Amino acid sequence: MREQRRTQKPRLLHRRVSGPAANGLSHHDVAARMESGLDNRVPDTTSRSLWQIFRANVFTLFNAIVGTSFLVLLLLGRWQDALFGLSAAGNAVIGVVQEFRAKRSLDRLAVMDAPRARVMRDGQIQEIATADVVRDDVLVLRAGDQVTADASVLESSGLEADESLLTGESDPVGKDHGTDVLSGSIIIAGHGKARVVRVGAESFASRLTADARRFSLVNSEIRNSLNRVLRWIAWAILPVAAIVVNGDLQARGGWQHAIATGTWTAALVGVIASVIAMVPLGLVLLTSVAFAVGGLRLASHGVLIQELAAVEGLARVDVLCMDKTGTLTEGGLRFEAVHQLTPAPDPGWHQALGWFASEPEANATARSLGAAFTDDGGFQSISYVPFSSARKWSAVTFRGGNGTTPTWILGAPEIVLAGGTCKPQDATAGEAAGPLDAPKQATAPSSACVLERAAGLADAGLRTLLLAGADGLPGAATTVGLPDGLRPVALLTFREQPRSDAQDTLEFFRSEGVELKIISGDDPRTVAAIARRVGLDVAHGFDARSLPEEALLLEEVMESNIVFGRVTPQQKKDMVAALQRRGHTVAMTGDGVNDALALKTADIGIAMDSAAPATKAVARLVLLDGRFDRLPEVLGEGRRVIANIERVSSLFLSKTAYSIAIAVTFGLLQLQFPFLPRQLSFTDGLTIGIPAFFLALMPNARRYKPGFLHRSLWFSVPAGLIVAGSLLVLNGLATLDGAQAADAIRSASVLTLSIVGLWILAVVSRPLNAGRVGVLAVMCAALVFLFNVPVAQDFFILSWPPGSLLISALGTGGAAGLAVEFLAWLHRRKFPR
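Residues numbered from 1 in each chain as written. Predicted model: local features only at pLDDT ≥ 70, side-chain atom pairs only at ≥ 80, totals over all residues. Heavy atoms only, no water.

Participant: So, the overall build of the protein: which residues are in play, and what are the values?
Facilitator: Looking only at helices and strands, one finds 31 helices and 21 strands in the protein. When each of the 833 residues of the protein is scored for burial, the buried share is 55%. The long-range share in the protein, meaning contacts at least 24 apart out of those at least 6 apart in sequence, stands at 74%. (Helix = DSSP H or I, 4+ residues; strand = E, 2+ residues; numbered from the N terminus. Buried < 20%, exposed > 50% of the residue type's maximum accessible area, 1.4 Å probe, protein only. Contact = heavy atoms within 4.5 Å.)

Participant: With reference to specific residues and values, describe helix α15 (residues 349-358).
Facilitator: Counting buried positions over the ten residues of α15 gives eight, a clear majority of the element. Within α15, burial applies to W349, Q351, A352, L353, G354, W355, F356 and A357.

Participant: A description of the packing of helix α28 (residues 742-764) against helix α29 (residues 770-788) should follow, citing residues and the corresponding values.
Facilitator: Where α28 meets α29, the closest approach of the two axes is 10 Å, and the angle between their N-to-C directions is 175°. Considering their axes alone, α28 and α29 lie roughly antiparallel with respect to each other. Counted together, S747, V750, L751, S754, L758, L761 and A762 of α28 and L776, M779, C780, L783 and F787 of α29 form the full contact between these two elements. Partitioning the contact of α28 with α29 into residue classes produces ten nonpolar, two polar and no charged. (Axes fitted to C-alpha atoms, helices over the stretch in contact; angles between N-to-C directions. Parallel < 35°, antiparallel > 145°, perpendicular 65-115°, else oblique. Nonpolar A, V, L, I, M, F, W, Y, C, P; charged D, E, K, R; others polar.)

Participant: Break down the sheet that holds strand β8 (residues 303-305) for me, with residues and values.
Facilitator: Taking strand neighbours across the sheet as the criterion, the eight strands line up as β8-β21-β20-β19-β9-β16-β18-β17 in an open arrangement whose pairing is mixed. Where the open sheet ends on each side, the last strands, each with one partner, are β8 and β17 (542-543). Relative to strand β21 (residues 621-623), β8 is paired through three bridges, and the arrangement is antiparallel. Paired with I305 across the bridge in β21 is L621. (Pairing = 2+ DSSP bridges.)

Participant: Just give me the short version of the pairing of strand β9 (residues 319-322), but keep the residues and values in it.
Facilitator: Burial along β9 is two-sided: V319 and C321 and L320 and M322, pointing in opposite directions, are all buried. Inspection of the sheet shows β9 paired to strand β19 (residues 586-590) by four bridges, in the parallel sense. Note that in β19 the partner of L320 across the bridge is A587.

Participant: Give a description of helix α19 (residues 502-511) that names residues and reports values.
Facilitator: When α19 is considered as a whole, its buried residues turn out to be A502, T505, L506 and F509. End-on view of α19: buried residues confined to an arc of 95°, all on one side of the axis. Packing partners of the buried residues in α19 comprise α13 (313-316), β9, α14 (324-328), β16 (515-519) and α25 (631-668). Phi for G513, located one or two positions after α19, is positive at around 80°. (Arc of directions from axis to C-beta.)

Participant: Summarise the pairing of strand β14 (residues 463-471); cite the residues concerned and give the values.
Facilitator: The buried fraction of β14 amounts to seven of the nine residues, a majority that puts the element mostly inside the structure. Relative to β14, strand β13 (residues 406-411) runs antiparallel, the two being bridged by six bridges. Within β14, the residue paired with W408 across the bridge is G469. Here β14 runs beside strand β15 (residues 487-498); their pairing, made up of seven bridges, is antiparallel. Residue pairing for β15: R463 is matched across the bridge by F494.

Participant: Before we move on, could you go through the packing of aromatic side chains and cite the residues and values that matter?
Facilitator: Scanning the model with the defined rule gives 15 aromatic pairs in all. On the basis of an interplanar angle of 75° and a centroid distance of 6.4 Å, the ring pair of F682 and F787 is categorised as edge-to-face. Placement of the pair is F682 in helix α26 (residues 677-697) and F787 in helix α29, with a sequence separation of 105 residues. Centroid distance F682 to F796: 5.1 Å. Interplanar angle 55°. Geometry classified as tilted. With F682 in helix α26 and F796 in helix α30 (residues 790-796), this pair connects stretches of sequence that are 114 residues apart. (Phe/Tyr/Trp six-rings, centres within 6.5 Å; stacked < 30°, edge-to-face > 60°.)

Participant: An account of a nonpolar patch on the surface is requested, with residue identities and associated values reported.
Facilitator: A grouping of L76, W255, I259 and W264 is seen on the molecular surface, where their side chains present a nonpolar patch of about 390 Å² in accessible area. By secondary structure assignment, the location of W264 is in helix α11 (residues 264-278). (Patch = residues over 30% accessible without salt bridge, like charges linked within 9 Å, V, L, I, M, F, W, Y side chains within 5 Å. Areas by Shrake-Rupley, 256 points an atom, 1.4 Å probe, with all protein chains shown as cover. Salt bridge = Lys/Arg side-chain N within 4 Å of Asp/Glu carboxyl O.)

Participant: Tell me about the environment of S712, and please be specific about residues and values.
Facilitator: Residue placement: S712 occurs in helix α27 (residues 708-736). Linking S712 and S654, residues 58 residues apart in sequence, is a C-alpha distance of 8.9 Å. Each residue touching S712, except ones within four places of it in the same chain, is listed here: E646, S649, S650 and L653.

Participant: Summarise the pattern of salt bridges; cite the residues concerned and give the values.
Facilitator: Scanning all chains against the criterion turns up 22 salt bridges. As a salt-bridge pair, D684 and K655 come within 3.1 Å of each other at their nearest N and O atoms. In this pair, D684 is assigned in helix α26 and K655 in helix α25, connecting sequence segments 29 residues apart. For the pair shown, D684 and K655 are each scored as buried.

Participant: Quick rundown of the confidence of the model for the protein? Include the residues and the values.
Facilitator: Looking at the protein as a whole, the pLDDT averages 78, with 81% of positions reaching at least 70. Taken together, the stretch residues 1-20 has pLDDT below 50 and engages in 52 contacts with residues farther than four places along the chain or on a different chain. Note on residues 425-442: pLDDT is under 50 here. Beyond four places in sequence and across chains, it has 41 contacts. (pLDDT = per-residue confidence, 0-100.)

Participant: Now, about the nonpolar core: what can you tell me, with residues and values included?
Facilitator: Within the largest apolar cluster, 114 residues are counted, with the highest numbers of intra-cluster contacts made by L314, F715 and I760. In terms of residues, this core owes the most to one element, α25, which gives 15 residues. Beyond its immediate chain neighbours, meaning those up to four positions away, I760 contacts L651, S654, F715, A719, V723 and V820. (Core = buried A, V, L, I, M, F, W, Y, C linked by side-chain atoms within 4.5 Å.)

Participant: Quick one: what's the story with unusual backbone geometry, residue by residue and with numbers?
Facilitator: Cis rather than trans, the peptide bond between R766 and P767 has omega equal to 0°. Here P767 shows up in the loop between α28 and α29. Of note in this structure, R566 is not a glycine but carries a positive phi near 60°. With a phi angle near 55°, I797 is a residue other than glycine that sits in the positive phi range. Of note, I797 is situated in the loop between α30 and α31 (803-830). Overall, the relative accessible area of 29% leaves I797 in the partly exposed class.

Participant: Explain the environment of L50 to me, and be specific about the residues and the numbers.
Facilitator: Looking at the element boundaries, L50 is found in helix α4 (residues 50-58). Looking at L50, the relative accessible area reads 45%, which means it is partly exposed. For the pair L50 and V97, spaced 47 residues apart in sequence, the C-alpha to C-alpha distance is 10.0 Å.

Participant: So what's going on with the side chain of S754? Residues and values would help.
Facilitator: For S754, the location among the structural elements is in helix α28. Overall, S754 belongs to the buried group, its relative accessible area being 0%. Filtering out sequence-adjacent residues up to four positions away, S754 remains in contact with F682, T683, L686, T687 and L783.

Participant: Lay out the environment of G411 in plain terms, naming residues and giving numbers.
Facilitator: As for its placement among the helices and strands, G411 is situated in strand β13. Taking the C-alpha atoms as reference points, G411 and S394, separated by 17 residues in sequence, lie 6.2 Å from one another. For G411, the contacting residues outside a window of four places in its chain are K392, W393, V416, L465 and L466.

Participant: If you had to explain the packing of helix α9 (residues 221-251) against α27 to someone new, which residues and values would you point to?
Facilitator: In the contact formed by α9 and α27, the axes pass within 9 Å of each other and the chain directions differ by 50°. On the basis of the axis angle, α9 is oblique to α27. Each of E221, I222, S225, R228, V229 and W232 in α9 lies in contact with α27, whose residues at this interface are F708, L709 and L713. Residues belonging to the contact of α9 with α27 are distributed by class as follows: six nonpolar, one polar and two charged.

Structure representation (structure tokens):
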């Protein structure tokens, strides 16, 4: 019955196109356009190839140094001293895998959700791949379709598009004859046909996301700091190597003697040991491992990390920018309440609202009325004017009793009351009304009163529609207009539903000192009202149409306001950049294509599960289950990573500092380098590598503070000098003690270095807990064990030094440990936690 009634009623404002346009292109036309390149394919030339990724991660300066040193030791038959090659290989593999994952995400970037397009060709509707759409194709659009190319509407029957993914505007946009529908928008009501006018890279969505597709790495303080240290070391390697080789050869009787006797090979091994010791390969590898473990932990909580370094990003963020629709709100509208305008409204208004809600071509707002109103089929419609954004109202006329034709209008109050004449008020205001088709009618309030009340509801962030009654049909099909004698019956309010987790999450970030900015394409009043509902103290929103273009003024506006409305995609990007110029680390959340450029520009881009594919692809984090309250977990994981990496970096950078100091001082004093590469591998594993692995993965909730590298170097450089000084003193005492075997001096040097290294480990591990104390105890036990196991002694060429040299090693190690303790005290005073 209901479907029969639908087919009987006439459609107003339904423009049709006849002739060749209605039949679409012929297969000859399509072939000609394909041959001319006028199809919907977008060239994919924006991300690096696998070869480029491999080359960037493998053919680096440090890999060349490490690889050359590795090969030299193998050629000399000293494979035992070449263990460092495994660490370098691990770094390269992790780097290639990490960037290749990013490449795949970028290559999958596509604005289109729909894999097929519906077109009219040779007079028949066909479904084809979106890439096969050509210019001048006629798209057949229905509710639920995603537009695959920019097109001009030829035929419309209540056609409405949701362009929120492109523009941020959550209001549906009516599409009448002659208007454009943009690629990436979604048809939410009505149906129609449209001729394609722009395809491929020329389409709106492709141009919008062109910048977002370009490859870039997340801005990571840890990675940037490590790269800076590596650049410093790169400049130091050659001069340090020259000093070491000259000093070692002079200690062996001079260049000529060393070359003649073949002892130059031992000097070369010493040079390799000094060079490799300078490079904190383990720190680079451990950082990648910490990021990867953090990514796995977050993945188990429904957070996808698109790039490993993004794990630390949110821990550094001090400004969080949020889109409203889909981030703070659940998306879509919910019917809230009826505000009756007359004490006894016209009968049948419930039935009329149920009819509007169940109409197949109803828009999203009207459909939400279905939660409160139903149509039992008692009224037969004889005319229907579908909603359009141009009119901002819809109307239905029913066949009433006694030959009457009652009409109901649903639309924007300011448009409905401006377009029609209200029935004059009766003197008996508030008197009950009879049936709609009876002579006596309910008293109609004045237009001014209705509009004033509607404005008050809008200021509270509610979307408001007016239901009005009238007698007779709206205007003729060609000149549809509102009838006279309108009787305002009720104001209907709708609101966006904030996410249940939004308020608590925002409160958490505020307590952590993170500034909050809400940036939306919607009306500033609506955005401000939503902000108040999620706990923000906001009086009003800033209309982005008034944003200054001058950079400095834009920065000032961003600093002094919290809520922004009517923001375009380009403005979102500029606003994020303005905050960054002020020294802020910015995170941006969003779900629409209109957010893609801003997410790409932000230090950390965060996409919701409902986000467009383009937005997910450029985001660093994706909340797979759409839960906004996952962000505190991300913050906590980022804090753990960055705090622990700062902790272990002090170990690795201390090693770099003492390696350079030892190499320079021993070379200038023309002393033999005191270690073999395998012995340095022994001390590295004992005092740095193995314990650092466990420390990097332990809980650490310390709040982030900028200056990671400065704090690490302030401790590491003096600690390295203390270690170098202790070894210099030890070797001086060994010389004064008389002739000592080179192996005995090396063993004593290993013992001293291990003592001081373990002391540095104890200092860096504070505050101590059961886990950290356990790591320290195991490392100390391993030192004693390895010095007493014959297999280890043979492999590492170690033995307990003779009595006096043993006392010297223990004494210099203990004295250096006390110096490290004093340094730690100074560090705590300068950088209190």
